[in-house]
Amino acid sequence: MELIQQIGKMRAKARALQSTGKPLAFVPTMGALHKGHLRLIERAKGLGGSVVVSSFVNPMQFTNEQDLKNYPRDPAKDEKACRDAGVDAYFVPSVEEIYPQGFLTSVNVGYLSTKYEGASRPGHFRGVCTVVLKLLNIVRPTHLVLGLKDAQQFTIIQHMLDDLSMDVELVGVPTVRDADGLALSSRNALLTKDQRAAALCIQRALKRVHFLVKKQGILHSGELLQAIRSATNTEHVTLDYAAIVNRTTLEPLDHVMRGGTYILIAAKVGDVRLIDNTRI
Ligand code: AMP
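These numbers were taken from a predicted model, which means no experiment stands behind them.

Considering the sheet that holds strand β7 (residues 237–246)
Backbone hydrogen bonds hold the strands of a sheet together, and the pairing may be parallel or antiparallel.
Part 1 of the argument: The strand order across the open sheet formed by 3 strands is β7-β8-β9, and the pairing between neighbours is antiparallel. In this open sheet, the two strands that pair with only one neighbour each are β7 and β9 (272–279). Neighbour-to-neighbour, the strand axes of the sheet open up by a mean angle of 15°, direction not taken into account.
Part 2 of the argument: The sheet contact formed by strand β8 (residues 261–269) and β9 spans 8 bridges and is antiparallel. Bridged to Lys268 within β9 is Arg273.
Part 3 of the argument: Where helix α10 (residues 221–231) meets the sheet, it contacts β7 and β8, and its direction lies at approximately 155° from that of β7.

Following this line, the structure appears as structure tokens:
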């Protein structure tokens, strides 16, 4: 595995990997790698070509200085994890490498970026889309592998790729969870033991919605959202939003549309903001 910090070197390596004619899969991350990220890498390897992973804590997508400062970082462990996973190139640029002085451009995927996560964290998706587009231009992969845990991000990036006629195939990987159901997230490392136990109510709320839809035939969003509010009304947890939305347009639905719905939840557990979702 080659560890690369400069854009020029990354481009050259990517070009060499592309010259094999096999798929080149790209997995962008913010580091603090866990089994969710490793599943993405596994999926990328499964495409049968080479794999590039990036690790960059992107300041442009943080809307809170403290959150950026507190974001978990473990570069040595991440490098080893990528090496062990058989990654071909691991790109770890500095902030100055990605955003040199005078950087002015940003990418905004319209109204999709202003809802839910975008409403709670204005400018977040502008940061995500800008860095993802820049990384895609550097690596020029055939496949971009993203987790479905960040459901809104996935939909927005799909939209960006389509709108800008990008020649890259988006691959979605289902959410990887701990044995007790908590969605793996780099931010879980910041939870105390009690907060971690309390955070399980998010997954319980999503399971409850599945039960109500599948076993009781309740499709009315108002009723399902009420069930989510009850299930997450617990110590340490403050629900930020719960939404039942169309998977393509992210528009709120009055009724669950089987096969095309996301149930989205964001909650603060102590000071740690967690998101999760399920598809119905
Ligand atoms: P992050 O490092 O949190 O920005 O995430 C990098 C990529 O890993 C994104 O595509 C995420 O959606 C994905 N990811 C994060 N957590 C999980 C998880 N628990 N299961 C699957 N994918 C995940």
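Here's the deal with the pairing of β8
Along a regular strand, successive side chains alternate from one face of the sheet to the other.
Part 1 of the argument: Buried residues dominate β8, accounting for 8 of its 9 residues.
Part 2 of the argument: Alignment of β7 against β8, held across 9 bridges, turns out to be antiparallel. Among the inter-strand pairings, Leu239 is bridged to a residue of β8, identified as Ala267.
Part 3 of the argument: Here β8 hands over to β9 after 2 residues, with Gly270 in that stretch at a positive phi of 60°.

Regarding the domain arrangement of the protein chain
Part 1 of the argument: By domain assignment, the protein chain separates into domain 1 (2–173) and domain 2 (191–273).
Part 2 of the argument: With centres defined by C-alpha atoms, the gap from domain 1 to domain 2 works out at 27 Å.
Part 3 of the argument: With 11 residues of domain 1 in contact, the opposing surface of domain 2 contributes 14 residues.
Part 4 of the argument: Our count for the domain 1 to domain 2 interface comes out at 2 salt bridges.
Part 5 of the argument: Along the contact surface separating domain 1 from domain 2 lie 6 residue pairs in polar contact (both at pLDDT 80 or more).
Part 6 of the argument: For the side of domain 1 that touches domain 2, the elements supplying multiple residues, two or more each, are α6 (117–120) and α8 (151–163).
Part 7 of the argument: At 3 residues, the largest contribution of residues to the side of domain 1 that touches domain 2 is made by α8.

A short note on the nonpolar core
Part 1 of the argument: Within the largest apolar cluster, 47 residues are counted, with the highest numbers of intra-cluster contacts made by Met10 and Leu144.
Part 2 of the argument: The dominant element in this core, judged by the number of residues it contributes, is helix α7 (residues 124–139), at 10 residues.
Part 3 of the argument: Mapped onto the domain boundaries, this core takes at least three residues apiece from domain 1 (2–173) and domain 2 (191–273).
Part 4 of the argument: Not counting residues within four places of it along the chain, the set of residues in contact with Met10 comprises Ile4, Val52, Ala89, Phe91, Ile138 and Val139.
Part 5 of the argument: By size, the runner-up hydrophobic cluster in this structure holds 28 residues, among which are Leu191, Ile228, Ile265 and Val272.

Remarks on unusual backbone geometry
Part 1 of the argument: Although it is not a glycine, Ala32 sits at a positive phi angle of roughly 50°.
Part 2 of the argument: For Ala32, the location among the structural elements is in the loop between β2 (24–29) and α2 (35–45).
Part 3 of the argument: Judged by relative accessible area, which is 14%, Ala32 ranks as buried.
Part 4 of the argument: Positive phi outside glycine occurs at Leu250, with the angle close to 65°.
Part 5 of the argument: Along the chain, the position of Leu250 falls in the loop between β7 and β8.
Part 6 of the argument: For Leu250, a relative accessible area of 0% translates into the label buried.

Here we look at the side chain of Thr130
Part 1 of the argument: Relative to the helices and strands, Thr130 resides in helix α7.
Part 2 of the argument: Residue class for Thr130 comes out buried when judged on its relative accessible area of 6%.

Concerning the environment of Pro72
Part 1 of the argument: Position of Pro72 among the secondary structure elements: in the loop between α3 (65–70) and α4 (75–84).
Part 2 of the argument: Taking the C-alpha atoms as reference points, Pro72 and Ala189, separated by 117 residues in sequence, lie 7.4 Å from one another.
Part 3 of the argument: Apart from residues no more than four positions distant in its own chain, Pro72 is found in contact with Ala32, Ser186 and Leu190.

Examining α7
Part 1 of the argument: Its 16 residues place the ends of α7 23 Å apart at the C-alpha level, agreeing with the 22 Å of an ideal helix rising 1.5 Å per residue.
Part 2 of the argument: Most of α7 is tucked away, with 14 of its 16 residues classed as buried.
Part 3 of the argument: Of the residues one or two after α7, Arg140 is the one with positive phi, at around 45°.

Rules of the game
- Residues numbered from 1 in each chain as written.
- Predicted model: local features only at pLDDT ≥ 70, side-chain atom pairs only at ≥ 80, totals over all residues.
- Heavy atoms only, no water.
- Pairing = 2+ DSSP bridges.
- Helix = DSSP H or I, 4+ residues; strand = E, 2+ residues; numbered from the N terminus.
- Axes fitted to C-alpha atoms, helices over the stretch in contact; angles between N-to-C directions.
- Contact = heavy atoms within 4.5 Å.
- Buried < 20%, exposed > 50% of the residue type's maximum accessible area, 1.4 Å probe, protein only.
- Domains from an automatic or database assignment.
- Salt bridge = Lys/Arg side-chain N within 4 Å of Asp/Glu carboxyl O.
- Polar contact = N/O pair within 3.5 Å; in protein donor to acceptor, adjacent residues only side chain to side chain.
- Core = buried A, V, L, I, M, F, W, Y, C linked by side-chain atoms within 4.5 Å.
- Expected span 1.5 Å × (residues − 1).

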